[in-house]
Amino acid sequence: GITEEGIKDPLPQSTDDLKIFHIGERDTYKISGDDVRKYEKLVKELRKREKESDYKTAYKTLIEEVAYTWFNRITAIRFMEVNNYMPDRMRVLSSGRKGVREPEFITYYRDTDIGITEEEFKKLDELKLNGSKEAMDEMFQFMFIKQCNALNDYLPELFEKTDDYAELLLTISYTDPEGVVYKLIEDLGEEPFDINKTGQIEVIGWLYQYYNTVPKAEVDASKKKVDKHTLPAKTQLFTPEWIVKYMVQNSLGRLWIERRIAMGSNKSEEELAKEYGWKYYLPEAEQVEEVKVKLKKMREDRKKLKVEDIKFIDPAMGSGHILVYAFDMFMQFYLEEGYTESEAAESIIENNLYGLDIDKRAYQLAYFSLMMKGRQYSRRILNKGIKNNLYYFIDSKNINRKQIGYLGRTIEDEDERKELREDILEILDLFENARELGSIIKVEKEYDYDKLIEFVKHADDANALPMELVGIEETQEKLMSIINLTKILSNKYEIVVTNPPYLGRGYMGANLTKYLDKKYKNTKADLFAVFMEKCEELLGKSGYYGMINQHSWMFLASFEKYRE
């Protein structure tokens with residue numbers, strides 16, 4: 001009963017456990033049991049989104065979100081099965097045998113370890129015995145959802161628990177020649193996913209780029225100003241590998257070579273770069289003597305630099321291509337410093353790499369790519385609950401501010417509690433349009449982040465009515481995320497590298513132009529220039545930043561003040 005036009009009520013003869021609908025066919029359509037609960041969640045989610053925009057937008061964005069969620073998971077599982085990274089080593093989308101289309105975990109479904117109950121096994125036995133296309137698709141969908149839920153323990157940010165409306169909307173088949181699974185297996189083959197053949201997991205980024213081509217074409221054709229729903233499609237561009245290497249070798253690589261020279265290496269920059277196999281590294285141009293002396297003095301401190309202290313950020317990370325290559329370079333440094341591969345992999349993810357994006361689906365793929373890099377060097381990394389430093393932006397508009405009054409139970413000093421509450425409200429104001437502003441949000445005040453996290457963690461429910469605490473865990477979770485984002489935006493980094501969004505002022509929505517007029521007066525004509533300013537702001541003393549930009553900032557009158 002849910003269409004682009006609206007939501008039809010179930011027929012009057014429906015009950016709490018059985019919903020009956022007219023869907024324009026001769027027979028009525030029935031859903032029962034657990035599906036009723038999922039259906040109700042779906043309706044509730046659409047109504048919630050409708051309040052923020054209108055029904056058509058709510059309908060479209062929800063479908064888009066569910067589609068990319070499943071697409072991301074299918075892509076991730078394909079990558080994992082080809083590289084034998086699945087926890088039970090069983091293939092989910094393919095058989096691994098020539099000429100056999102039935103996925104391995106369908107053939108050996110009773111040998112799987114994905115949380116199937118005996119009752120459910122009996123149902124699967126019936127479907128397998130039936131053997132029709134419909135029965136096999138039903139079996140495949142059921143087991144695919146089970147597999148995704150089982151992967152929640154290993155990759156929680158990508159495989160969130162899905163026992164909700166997203167399951168109702170999954171219709172995949174391994175036999176349909178027009179279906180995504182079939183195309184992924186038959187058209188793409190295994191090689192692009194195989195790390196032993198391609199090394200980099202670049203295929204993830206390309207799939208994301210092409211997934212975005214239709215929405216991008218729609219936004220371009222509409223000539224409308226972009227908002228938080230269309231900004232990712234308009235501005236996401238995949239960065240080809242040679243450009244990534246060029247930028248990272250000449251920033252992170254340069255910093256490390258300077259450290260080697262400061263520590264007494266008598267090799268030249270060229271020799272050191274060759275040792276590391278960096279073919280895009282450009283040695284420094286010849287300098288006059290006075291400058292050489294200044295540079296040498298400035299770089300003396302490089303020898304104190306520890307590999308685990310080098311912070312590298314991509315503030316517009318997309319699907320994480322730049323971070324994945326930086327991981328490879330960090331691995332070279334760690335091994336040189338005497339770390340084992342698995343120690344290095346864990347430390348790189350926890351200490352060195354930071355990334356931000358406005359698009360949740362890009363974030364999911366960046367997170368997945370980074371964890372797969374870790375898995376390449378540390379077999380048990382997915383069992384260790386390793387924390388990463390990647391985030392996507394969320395708006396603070398929907399956070400229940402009243403519930404902030406019930407937080408901070410462990411802080412006894414009432415004045416301190418009041419101050420922390422005010423800090424949180426200030427931060428929420430900053431993040432009101434965060435899905436549109438993203439990394440260009442300016443944090444212009446020092447906050448005590450450890451105290452703020454302590455405040456948010458503990459709810460004081462002694463003086464609250466039960467109704468006032470409904471959803472407080474979700475409020476706490478969102479606040480934690482926003483505090484962490486604020487902290488990342490106020491930190492300084494040794495290296496900043498990004499391929500920024502390009503967006504001229506004519507395409508910008510009102511929220512964006514208003515913010516730029518206030519905070520980025522000299523670069524407001526285009527987002528790429530705003531990011532030039534932002535990257536400089538994120539950079540620590542004597543750090544390096546590398547980015548792609550348009551050459552227009554060098555001569556257009558609108559950038560004159562910035563040039564100076």
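Note that the structure is a prediction, hence the values are computed from the model and not measured. (Residues numbered from 1 in each chain as written. Predicted model: local features only at pLDDT ≥ 70, side-chain atom pairs only at ≥ 80, totals over all residues. Heavy atoms only, no water.)

Peer 1: Which residues make up the overall build of the chain, and what values do they have?
Peer 2: Each helix and strand counted, the chain has 24 helices and seven strands in total. Its C-alpha atoms give the chain a radius of gyration of 26 Å, within 12% of the compact-globule value 24 Å for 564 residues. Across its three principal directions, the C-alpha atoms of the chain cover 90 × 60 × 55 Å. Counting all 564 residues of the chain, 51% fall into the buried class. Across the chain, the fraction of contacts at a sequence separation of at least 24, relative to all contacts at a separation of at least 6, is 70%. Here the chain displays about 28400 Å² of accessible surface, and carbon together with sulfur accounts for 49% of that area. Where the 86 positive side-chain charges of the chain centre and where its 103 negative ones centre are 3 Å apart. (Helix = DSSP H or I, 4+ residues; strand = E, 2+ residues; numbered from the N terminus. Rg over C-alpha atoms; globule rule 2.2 N^0.38 Å. Buried < 20%, exposed > 50% of the residue type's maximum accessible area, 1.4 Å probe, protein only. Contact = heavy atoms within 4.5 Å. Areas by Shrake-Rupley, 256 points an atom, 1.4 Å probe, with all protein chains shown as cover. Lys, Arg positive; Asp, Glu negative; His and termini not counted. Charge placed at Lys NZ, Arg CZ, Asp CG, Glu CD.)

Peer 1: Explain helix α12 (residues 241–262) to me, using residue names and the numbers behind them.
Peer 2: Given a rise of 1.5 Å per residue, 22 residues ought to cover 32 Å, and the 30 Å separating the end C-alpha atoms of α12 matches this to within 8%. Taking burial as the measure, the 22 residues of α12 include 17 buried ones, the bulk of the element. Looking one or two residues beyond α12, the residue adopting positive phi is G264, at roughly 110 degrees. (Expected span 1.5 Å × (residues − 1).)

Peer 1: For the sheet that holds strand β3 (residues 312–314), give the residues involved together with the corresponding values.
Peer 2: In space, the five strands of this open sheet follow the order β5-β4-β3-β6-β7, with parallel pairing throughout. The open sheet terminates on both sides in strands that have one partner only, identified here as β5 (390–392) and β7 (539–547). On average, each strand axis in the sheet is tilted by 15 degrees relative to the strand beside it, whichever way the strands run. Here β3 runs beside strand β4 (residues 353–357); their pairing, made up of three bridges, is parallel. Of the residues in β4, the one forming a bridge with I313 is Y354. Along the sheet, helix α23 (residues 527–538) contacts β3, β6 (493–498) and β7; its crossing angle with β7, the most-contacted strand, is approximately 150 degrees. (Pairing = 2+ DSSP bridges. Axes fitted to C-alpha atoms, helices over the stretch in contact; angles between N-to-C directions.)

Peer 1: With reference to specific residues and values, describe the pattern of salt bridges.
Peer 2: Across all of its chains, the model carries 49 salt bridges by this definition. Of the charged contacts, one joins E45 and K48 as a salt bridge, the two residues approaching to 3.8 Å between their closest N and O atoms. Of this pair, E45 and K48 both sit in helix α1 (residues 34–52), three residues apart, roughly one helical turn. You can call E45 buried: its relative accessible area is 16%. You can call K48 partly exposed: its relative accessible area is 43%. The residue E186 makes a salt bridge to R101 at a minimum N-O spacing of 3.3 Å. One end of the pair, E186, is in helix α7 (residues 180–186); the other, R101, is in the loop between α2 (55–82) and α3 (104–107), and 85 residues separate them in sequence. Its relative accessible area of 38% is what places R101 among the partly exposed residues. (Salt bridge = Lys/Arg side-chain N within 4 Å of Asp/Glu carboxyl O.)

Peer 1: How would you sum up a negative patch on the surface? Please name residues and give values.
Peer 2: A surface patch of negative charge is lined by D413, E414, D415 and E419. Positionally, D413 belongs in the loop between β5 and α18 (414–430). (Patch = residues over 30% accessible without salt bridge, like charges linked within 9 Å, V, L, I, M, F, W, Y side chains within 5 Å.)

Peer 1: Outline the side chain of K534, listing residues and values.
Peer 2: For K534, the position within the fold is in helix α23. A relative accessible area of 0% means that K534 is categorised as buried. Look past the residues within four positions of K534 in its chain and what remains in contact with it is S439, I440, I441, K442, L489 and Y520.

Peer 1: Any details on the nonpolar core? Residues and values, ideally.
Peer 2: L93, F144, V248, L252, F312 and F330 are the most contacted members of the largest nonpolar core, which totals 109 residues. It is α2 that contributes the most residues to this core, 13 residues altogether. By size, the runner-up hydrophobic cluster in this structure holds 63 residues, among which are Y406, I441, Y449 and L512. (Core = buried A, V, L, I, M, F, W, Y, C linked by side-chain atoms within 4.5 Å.)

Peer 1: A description of the environment of R375 should follow, citing residues and the corresponding values.
Peer 2: With respect to the element layout, R375 can be found in helix α17 (residues 360–377). Judged by its relative accessible area of 9%, R375 falls in the buried class. Sequence-wise, R375 and A345 are 30 residues apart; in three dimensions their C-alpha atoms are separated by 8.1 Å. Setting aside chain neighbours within four positions, we find R375 in contact with N84, Y85, R89, I381 and L382.

Peer 1: If you had to explain the packing of α18 against helix α21 (residues 472–490) to someone new, which residues and values would you point to?
Peer 2: Remark: α18 packs on α21, axes separated minimally by 11 Å, with the N-to-C direction vectors making an angle of 80 degrees. Considering the angle they form, α18 stands roughly perpendicular to α21. From α18, I424, I427 and L428 reach across to α21, where they touch L479, I482, I483 and T486. Residue composition of the contact of α18 with α21, by class: six nonpolar, one polar and no charged. (Parallel < 35°, antiparallel > 145°, perpendicular 65-115°, else oblique. Nonpolar A, V, L, I, M, F, W, Y, C, P; charged D, E, K, R; others polar.)

Peer 1: Before we move on, could you go through unusual backbone geometry and cite the residues and values that matter?
Peer 2: The backbone phi angle of N84 is positive, close to 60 degrees, even though this residue is not glycine. Along the chain, the position of N84 falls in the loop between α2 and α3. Judged by its relative accessible area of 39%, N84 is partly exposed. Of note in this structure, R89 is not a glycine but carries a positive phi near 60 degrees. Examined against the element boundaries, R89 turns out to sit in the loop between α2 and α3.

Peer 1: Explain the side chain of D164 to me, using residue names and the numbers behind them.
Peer 2: Looking at where D164 falls in the secondary structure, it is placed in the loop between α5 (133–151) and α6 (165–168). For the buried D164, no salt bridge is present, and the opposite-charge side chain at shortest range is K41, 5.0 Å distant. Those residues within four positions of D164 in sequence are excluded, and the remaining contacts are K38 and K41.

Peer 1: Tell me about the packing of α12 against helix α13 (residues 269–276), and please be specific about residues and values.
Peer 2: Interhelical geometry of α12 versus α13 gives an angle of 120 degrees and a closest axis separation of 10 Å. In terms of their interaxial angle, α12 and α13 are classed as oblique. Handedness of the α12/α13 crossing: right-handed. Where α12 approaches α13, its residues R254, W256, I257, R260 and I261 are matched on the opposing element by E269, L272, A273, E275 and Y276. For the contact of α12 with α13, the per-class residue count stands at six nonpolar, no polar and four charged. (Left-handed = near helix turned anticlockwise from the far one by under 90°.)

Peer 1: Give me a nonpolar patch on the surface: which residues, what numbers.
Peer 2: A grouping of W242, Y246 and L282 is seen on the molecular surface, where their side chains present a nonpolar patch of about 320 Å² in accessible area. Within the secondary structure layout, Y246 lies in helix α12. Residue Y246 is classed as partly exposed on the basis of its relative accessible area of 35%.

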